[in-house]
Amino acid sequence: MEKREQLYEGKAKKVYATDDPRYVIVSYKDDATAFNGLKKGTIAGKGVINNRVTNYLMAMLEKKGIPTHFVQELNDRETLVKKVQIVPLEVIVRNISAGHFASRYGVEEGIVFENPTIEFSYKCDALDDPLLNEYHALALKLATREEIDIIKALSFQINEELKAFFKAVNVDLVDFKLEFGKTADGEIVLADEISPDTCRFWDSITHEKLDKDRFRRDLGGVEDAYSEMMKRILG
Ligand code: UDP
């Protein structure tokens, strides 16, 4: 597969066309942003870690029957994926209170939920990714009822697989964000990334944060936390 022109540059990744219209190449950057781009920085080696971690987890999920956009890792930073139309919803699954759940509802972080929660944001930087419910998503025609049902079912299934996987490497999966895409034949597949940028990981024993909160909250040890997560995931 030959790499062609750049199609898009986002906050953490670039996307390139290939000589086959069914596929694109994603390239992971070290650039880090938080609070919708208000805080900017770089995390040395992040692109490599997020590329390798995402691919490892997506391949694992594929084996468990979850459809994903993953095709093949090309090198440390670049991966061949199916070209999809991204459903403009950020899907957030939570197992433990943290971040906006804690601030929005005025509760402490670290409350373990009896059942996972799911929420949607409208993927729109200009509006700051506003929270919305399924009725709003339908009214805005962001997805169909059938697509939303598939996305919810897949998200909870992914949560169960990831929770079990991370438990085995002594990590509590606190919460995470997923994005889904629609392939040319209309199939809904998991897209984007699963990484320390998009998940909250707490060490099961020490409860140390091993994710992007170290960058967001200026806790230091950002690179070490990302490396530690890659080590635990890839073995
Ligand atoms: N998240 C993300 N991208 C976003 C917003 C959230 O990847 O634009 C992830 C975040 O890393 C966390 C989870 O989704 O693992 C829940 O985030 P929350 O709603 O608490 O918002 P945050 O505090 O991260 O802004």
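In what follows, the structure referred to is the one given above.
The rules we used
- Residues numbered from 1 in each chain as written.
- Predicted model: local features only at pLDDT ≥ 70, side-chain atom pairs only at ≥ 80, totals over all residues.
- Heavy atoms only, no water.
- Salt bridge = Lys/Arg side-chain N within 4 Å of Asp/Glu carboxyl O.
- Helix = DSSP H or I, 4+ residues; strand = E, 2+ residues; numbered from the N terminus.
- Buried < 20%, exposed > 50% of the residue type's maximum accessible area, 1.4 Å probe, protein only.
- Pairing = 2+ DSSP bridges.
- Axes fitted to C-alpha atoms, helices over the stretch in contact; angles between N-to-C directions.
- Contact = heavy atoms within 4.5 Å.
- Near = heavy atom within 4 Å.
- Polar contact = N/O pair within 3.5 Å; in protein donor to acceptor, adjacent residues only side chain to side chain.
- Areas by Shrake-Rupley, 256 points an atom, 1.4 Å probe, with all protein chains shown as cover.
- Nonpolar A, V, L, I, M, F, W, Y, C, P; charged D, E, K, R; others polar.
- Core = buried A, V, L, I, M, F, W, Y, C linked by side-chain atoms within 4.5 Å.
- Parallel < 35°, antiparallel > 145°, perpendicular 65-115°, else oblique.
- Left-handed = near helix turned anticlockwise from the far one by under 90°.

Turning our eyes to something else, we now look at the pattern of salt bridges. In a structure, side chains of opposite charge can pair up when their charged atoms sit close to one another. Evaluation of the coordinates by the stated rule reveals 31 salt bridges. We note a salt bridge from Arg94 to Glu119, for which the minimum N-O separation is 2.8 Å. Of this pair, Arg94 sits in strand β9 (residues 89-96) while Glu119 sits in strand β10 (residues 112-122), and the two are 25 residues apart along the sequence. Between Glu179 and Lys177 there is a salt bridge, with the nearest N and O atoms lying 2.8 Å from each other. Considered together, Glu179 and Lys177 belong to a single accessibility category, that of buried residues. Taken together, the salt bridges that share partners define one network made up of Arg94, Arg104, Glu109, Glu119, Asp175, Arg200, Lys209, Asp213, Arg216 and Arg217.

Let us look at the pairing of strand β3 (residues 23-28). In terms of residue burial, β3 counts as a mostly covered element, since five of its six residues are buried. Between strand β2 (residues 13-18) and the antiparallel strand that follows it, β3, lie four residues.

For the rest of this paragraph, the subject is the sheet that holds β2. With antiparallel pairing, the five strands of this open sheet are ordered in space as β1-β2-β3-β7-β6. The two strands at the open ends of the sheet, each matched to only one other strand, are β1 (3-9) and β6 (70-73). In this sheet, adjacent strand axes meet at a mean angle of 30 degrees when their direction is disregarded. For β6 and strand β7 (residues 78-82), the ladder comprises three bridges, and the chain directions are antiparallel. Within the sheet, the bridge partner assigned to Gln72 lies in β7 and is Leu80. Running at roughly 130 degrees to β6, helix α1 (residues 46-63) makes contact with β3, β6 and β7 of the sheet.

The subject of this paragraph is the site of the ligand. For the ligand, the set of nearby residues contains 15 residues, the closest of which are Arg94, His100, Asp175, Arg200 and Arg216. In the model, an oxygen atom of the ligand is placed 2.8 Å from a nitrogen or oxygen of the His100 main chain. Isolated, the ligand exposes 500 Å² of accessible area, and the fraction of that covered by the protein chains is 82%. Looking at the shell around the ligand, the elements that each hand over two or more residues are β9, α2 (99-105), β12 (171-182) and β14 (199-203). Split by residue class, the shell around the ligand holds four nonpolar, three polar and eight charged.

This part is about the environment of Leu140. Assignment of secondary structure puts Leu140 in the loop between α3 (134-139) and α4 (145-167). Accessibility expressed as a relative area gives 48% for Leu140, which makes it partly exposed. Linking Leu140 and Arg217, residues 77 residues apart in sequence, is a C-alpha distance of 34 Å.

So, about the nonpolar core. One finds Leu57, Ile158, Leu162, Phe166 and Phe180 to be the most contacted residues of the largest nonpolar core, which totals 46 residues. For this core, the elements supplying multiple residues, two or more each, are β4 (31-34), α1, β9, α4, β12, β13 (188-191), β14 and α6 (222-234). Residue contributions to this core peak at seven residues, all from α4. Leave out the neighbours within four places in its chain, and Phe180 touches Gln85, Ile86, Val87, Val91, Ile151, Leu154, Ser155, Ile158, Ile188, Val189, Leu190 and Ala191. One finds Val15, Val24, Val26 and Val81 within the second-largest nonpolar core, a separate group that totals five residues.

Moving on, we come to the packing of α1 against α4. As a packed pair, α1 and α4 sit with axes 11 Å apart at the nearest point and diverge in direction by 120 degrees. Taken as axis vectors, α1 and α4 run oblique relative to one another. As α1 runs across α4, the sense of the crossing is right-handed. Along the contact surface, α1 presents Tyr56, Leu57, Met60 and Leu61, while α4 presents Ile158, Glu161, Leu162, Phe165 and Phe166. Of the residues that constitute the contact of α1 with α4, the class distribution is eight nonpolar, no polar and one charged.

Let us look at the pairing of β13. Going residue by residue along β13, you find Ile188 and Leu190 tucked away on one face and Val189 and Ala191 tucked away on the opposite face as well. Here four bridges tie β12 to β13, and the two strands are oriented antiparallel to one another. Across the sheet, the residue bridging to Lys182 is Ile188, located in β13. Between β12 and β13, which follow one another and run antiparallel, lie five residues, and Gly186 among them has a positive phi close to 85 degrees.

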